[in-house]
Amino acid sequence: MKRPKLRKASKRLSCHKRYKIQKKIREHHRKVRKEAKKRGHKKPKKDPGIPSAAPFKEELLREAEQRKQRLEELKQKQKLNRQKEHEKKRKLEAKKNAATIEEKAEGKDSSGKSKGKTKRPLNKNSKKSCCRELMKVLEASDVVLEVLDARDPMGCRCPQLEQAVTSSGGNKKLLLVLNKIDLVPKDNVEKWLNYLKKEFPTVAFKSATIMKDKTMQVQVTKRHARVDFAETSQYFGSKCLLKLLQGYGKTQDKAIRVGVVGFPNVGKSSIINSLRGKRACNVGLTRGVTKSMQIVQLDKQTKMLDSPSIIADPSNSALALALRSIIDPEGSDSADVLEGVNAIINHCSKQQVMMHYNIPDFRDSEEFLSLLARKRGMLKKGGVPDIENMAKLVLCDWTGARVKYYSQPPGFQKPPPYLTEQKIAEMQEGFNLNNLEQENSITVQALKHPTPANSIAFQSAGMTNGTIEENKVIEEGPEWGNMETSKEEEEEEEDEEEFTESDDDEDDVEEDDDDDDTREESQVQVTRKAKPGKRQTNPTNSKEQRAGNERSRSLSFSLDKPADEDDAYDFNTDYV
C-alpha cells in the first residue's frame, strides 16, 4: 500500500492578514519620509579650493603639497618601524621556540642514554634560586635590616641569618625592624622594644600596604569608588630609620648599601616603598612575590637591596611552617593546611578566638572550621561544610594583616650562643641609640593601637630555623610532576623487562606482576621525597619489605576513600 504524499505547509495568507501587513508597511514608510523632511538632506560640502583671484595662490598650493608629502613620509616611517618591531618579536619567538625544542631534545637524549644526575638551570621559583639571591644581598650589603612581624617577633627571627651576619666580619651591622606595630597593643610593642634593643638596635615601624601612584588616583577618580587610603597608605617610623642609616653613613664616610631580609609576609618590600615615598617594589598578599635582588636608590648615600624571603627549614614545628613557610596555601596540600590551622588554634586563647570569629564553643580545629564554614556559607553539595577551603582562608587571614594577635616576650633575657657581649657592642657601634629610643616612643604614641580585648593572645613557638646556604636546600617538586617522572620510569622498565620475561609458567608471570606493583609504589614514595628529575635505584625487595609496602598501600587507599565506601570490600588486601 502506497504512503500518501505529505504536502508542504502552504505560504498563502488570508486577505485580511495580508492587507493589514501592507497597511503597516505603508505607514512606516510615510513616517520615515516625514522625519527625513524635518531633518533635511545635508550634502557634504566640497572644498572650493583657493580662488584664482587670491594673492599668493601658488605659495599656498606649494605649502599644501609639502604638508601632504610630510604626512606621507611620517606614515611610511611609522609603517617601517612597526615592521621592524614585528620582525624583532618574530625572531625572539623563533629563538625561544628553538631553545625549548633543543632543551626537550637534550632532556630526552640524556634520559635515554644516562640515568645519572643531570644539571638543569635553576628556576626563579625554586628554593635554591631564592637562597642564591639572598646570599647575594647579604654579601653586598653594609647594613642588614631583619624585618620582624610585631605580632610574633620571636617567630620571625632566624638564628642562621643572624649568625651569618655577625660572624661575617667586615664591619657589617644588623638592625631589627619591628613592622606592623599597628596590629598589636601599645604595651606589648613597648615590651618587645625593650627586650630586643638589648641584643640589636630595634626600630618601630608601620609600613604602607598600598602606595598611591598616578594610575591608582586616576582609577579612583573615574570610577568614584569609596576607597579609604588613610590607613593603608600611611607609614610611620620612616624618618627614624632614615636618620639612623644616614648617621651611620656619615660615620663611615662612604655610600652604604642596606639589605632588607626576613621571612615571607613580614613587609620587606613595603618598608622600601615607605622609605622611598612611592611604589618602587612589587607588593602582594601572596607569599614569595620578590624572587630576585632589586636595587632601589634612596639618596646619594644609601641604596636599598630587596631580597626574596628566607626559606623555613622543614624540621620546624607545624606552627612555624604554617606562618613562615614560603608555600602558598592555594598551592599546598590540604592536609598541611589543616595541620597548620590546628597548630595555630592550639596556641591561642580559645575564648578570644570564639569572640573574634563570633562562633559557639568547639572541641577541636575541625569543628571550628565546620562552624565557621556554615556561618560564612561555604558549603559543598548536600550542605556539607567546605573545611579545606575554609582552612586556606583562615591561614591567609593569619599570615596577612586581618587578624590582630600578639605574643608576650620571654620572661628572662637569654641571648643566643652566637651573641656575646662583644658582638652586641659591635652591632650597636656607630648608631645614635638615644635618638633612636626617642623616635621609637614618638612613633608608638602617634599610632592607634588595638586593645588587648580586641586582639587574640598567642603563644609563640620561638625562633624559626631557616636555610640560607644553597647546598642545604632540599627541593620538593610538585607531586604531579614526580608522579609523571615515576610513571615514565616505570614504562621504560616495563619495556626493558618485556624482552627478558619467560612465558613458561603462569605462576612466574603473577609473581613478576606483584614485584612490578611493589616496585611502582616504592618508586612513587622515593620520588616524593627526592629531588625532581633525579632517579634513585631501589634494592631488591625481600618478602618482608613487599608485605610492608602492600600494607602501607592498603592503608593509604583506605584513608583516601570517602565515608560511604568504608563498608565496601577492599581488593588491595586480597593478596597481603
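The chain appears in an unreviewed UniProt entry as Guanine nucleotide-binding protein-like 3 from Taeniopygia guttata. Per UniProt, the chain has the following entry under Subcellular location (unreviewed entry): "Nucleus, Nucleolus".

J.: Looking at this model, I keep getting lost on the overall build of the chain. Mind explaining?
T.: Counting secondary structure elements, the chain contains 18 helices and 10 strands. The 576 residues of the chain split such that 33% are buried. The long-range fraction of contacts in the chain, counting pairs at least 24 apart against all pairs at least 6 apart in sequence, stands at 75%.

J.: What should I look at first to understand unusual backbone geometry in this one?
T.: The backbone phi angle of Asp253 is positive, close to 55°, even though this residue is not glycine. Following the sequence through the fold, Asp253 ends up in the loop between α7 (238-252) and β4 (256-261).

J.: What is the right way to read the packing of aromatic side chains from this model?
T.: Any aromatic ring pair is given by two values, namely how distant the centres are and how the planes are angled relative to each other. Across all of its chains, the model carries seven aromatic pairs by this definition. Taken together, a centroid distance of 5.4 Å and an interplanar angle of 70° make the contact between Tyr357 and Phe368 edge-to-face. Of this pair, Tyr357 sits in helix α11 (residues 350-357) while Phe368 sits in helix α12 (residues 365-376); the two residues are 11 residues apart in sequence, bridging distant segments of the chain. Here the aromatic residues Tyr357, Phe362 and Phe368 are joined through ring pairs into a cluster of three or more. One residue, Lys350, lies across the ring of Phe362, its end atom 5.2 Å from the ring centre.

J.: What is the right way to read the nonpolar core from this model?
T.: Grouped burial of nonpolar side chains is what soluble globular proteins tend to show. Leu145, Leu178 and Met304 are the most contacted members of the largest nonpolar core, which has 61 residues in total. With residues near it in sequence (within four places) discarded, Met304 still touches Leu145, Val258, Val260, Ile272, Leu275, Gln294, Ile295, Val296 and Leu298. One finds Val337, Ile359, Phe368 and Leu369 within the second-largest nonpolar core, a separate group that totals 26 residues.

Rules used in this analysis
- Residues numbered from 1 in each chain as written.
- Predicted model: local features only at pLDDT ≥ 70, side-chain atom pairs only at ≥ 80, totals over all residues.
- Heavy atoms only, no water.
- UniProt positions renumbered as here; feature names shortened; annotations may be inferred.
- Helix = DSSP H or I, 4+ residues; strand = E, 2+ residues; numbered from the N terminus.
- Buried < 20%, exposed > 50% of the residue type's maximum accessible area, 1.4 Å probe, protein only.
- Contact = heavy atoms within 4.5 Å.
- Phe/Tyr/Trp six-rings, centres within 6.5 Å; stacked < 30°, edge-to-face > 60°.
- Lys NZ or Arg CZ within 6 Å of the ring centre and 35° of its normal.
- Core = buried A, V, L, I, M, F, W, Y, C linked by side-chain atoms within 4.5 Å.

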